Amino acid sequence: MSWVCPACLGRLAPSTGGPVCADCGATYPVRDGVTDLRLAAAMTPHMRKVAAEWDDLAAAYRAMVRGLGARTEEIDRPLLEIASGDILEVGCGDGRLLLKLPARSARSVRGCDISAAMAAVAVGRGLDVVVAPAERLPLPDRSVDTYLSGYYALRHADLDRSCAEMARVLRPGGRFGITLLGQRAVRAAAVVASLGGLWRAEHRWSAARELITFGGSFVAPNDVRSSARTRATLARHGLRLTRVSGFPRLPVLSEFLHRLGISMPRLDGDAAVPVSYDIVVIGTREVG
Ligand SMILES: C[S@@+](CC[C@H](N)C(=O)[O-])C[C@H]1O[C@@H](n2cnc3c(N)ncnc32)[C@H](O)[C@@H]1O
């Protein structure tokens, strides 16, 4: 598996300024050692905004994740369990999850991220990572055995386009593991946070608005409403959901319990979705 031209899926040949497509002649820049395989024409204003936001967060990301304690360990585990063969992580950030992959299970390990600054950190850690969005992967059809996306990287992506690309690059029978957030739990966390805001004059109106809309502005379109909806989205692209797991997280209380060495239980099955904050979706690409 090697990177290809995102415009025509042609072979990329090295050249002084950056890779050149041997088929269509498109050229791609390399900045600070990181190859940028984003197609300007395929980047929507929303995608540019997401990329810019993560560029700004790149320097602080490692410390941010450290502060999450056991939360990332729990949601990483189901993804690490299914990883083998040619592995791709989409939205790999600084390579945090990719670096946890046991070397014995991988034939190749690659990652891509929409943010150049996040990808640069991963490249600096010795990983084969390029700048590219989930919606337009610079990889050949049927070239990946395991597609991962850790710690809700697809939360703000175009999920339909991303799933189409996931199905395209996965080999028949290939596995995927993605993390998303549960819509009800996102709302509940926002409501709890807003209750605190009511006591602070400068936050009072926004907190009241949040309470009235039951955390509405915190919900992203990809936040999981039910397994049935997620199953249907995946099925449209020939992807079969085989397991859904959830990790409940109660604002403040979960962090407190974690300090005592107690973590919230992992719940498996459709009933996990309504009560879980972190949701891990595992599945396979249909054969044929
Ligand atoms: C919370 S970080 C997760 C990073 C890594 N997966 C992990 O588990 O630590 C989310 C990452 O997703 C990336 N991202 C967001 N939208 C994306 C998209 N449409 N395509 C590719 N990457 C995306 C961001 O740039 C950011 O690096």
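Analysis parameters
Residues numbered from 1 in each chain as written. Predicted model: local features only at pLDDT ≥ 70, side-chain atom pairs only at ≥ 80, totals over all residues. Buried ≥ 20, exposed ≤ 12 C-beta atoms within 10 Å, placed from the backbone. Helix = DSSP H or I, 4+ residues; strand = E, 2+ residues; numbered from the N terminus. Contact = placed C-beta atoms within 7 Å. Near = placed C-beta within 6 Å. Nonpolar A, V, L, I, M, F, W, Y, C, P; charged D, E, K, R; others polar. Pairing = 2+ DSSP bridges. Axes fitted to C-alpha atoms, helices over the stretch in contact; angles between N-to-C directions. Domains from an automatic or database assignment. Core = buried A, V, L, I, M, F, W, Y, C linked by C-beta atoms within 7 Å.

Draft legend 1. Inspection of helix α4 (residues 116-124) at higher detail. For α4, the buried fraction is high: eight of the nine residues fall into the buried class. Every buried residue of α4 is listed here: A116, A117, M118, A119, A120, V121, A122 and V123. Looking at the buried side of α4, the elements it contacts are β3 (30-31), β4 (34-35), α1 (45-57), α2 (61-66), β6 (106-113) and β7 (129-131). Just past α4, the residue G126 takes up positive phi, approximately 90°.

Draft legend 2. Structural detail: the site of the ligand. As a matter of local geometry, the ligand sits amid 21 residues, with W54, G91, G93, G150 and A153 nearest to it. When grouped by side-chain class, the residues that make up the shell around the ligand number 13 nonpolar, five polar and three charged.

Draft legend 3. Broad picture of the sheet that holds strand β10 (residues 239-247). Judged by pairing direction, the sheet is mixed, and its eight strands sit side by side in the order β7-β6-β5-β8-β9-β12-β10-β11 without closing on themselves. The open sheet has two edge strands, β7 and β11 (267-268), and neither has a second partner. In terms of strand pairing, β6 meets β7 through three bridges, oriented parallel. Its bridge partner lying in β7, C112 is registered against V130. Set on the sheet, helix α3 (residues 70-82) makes contact with β8 (144-149), β9 (170-181), β10 and β12 (278-285); between it and β12 the angle comes to about 5°. Helix α8 (residues 227-235) contacts β10 and β12 of the sheet and is inclined by roughly 150° relative to β10.

Draft legend 4. Expanded view of the domain arrangement of the chain. What the domain assignment reports for the chain is domain 1 (12-182 + 224-285) and domain 2 (185-216). Computed from C-alpha coordinates alone, the two centres of domain 1 and domain 2 are separated by 30 Å. In this assembly, seven residues from domain 1 lie in contact with five residues from domain 2. Across the side of domain 1 that touches domain 2, the residue classes tally to four nonpolar, two polar and one charged.

Draft legend 5. Just the nonpolar core, in detail. Core analysis: the biggest nonpolar cluster contains 66 residues, and A119, V130, Y147, M166, V169 and I279 have the highest contact counts within it. When residues no more than four places from it in sequence are discounted, the contact partners of M166 are Y147, F176 and L239.

Draft legend 6. Just the pairing of β6, in detail. Sheet topology note: the strand β5 (residues 85-90)/β6 ladder contains six bridges and is parallel. Across the sheet, G85 pairs through a bridge with A106, a residue of β6.

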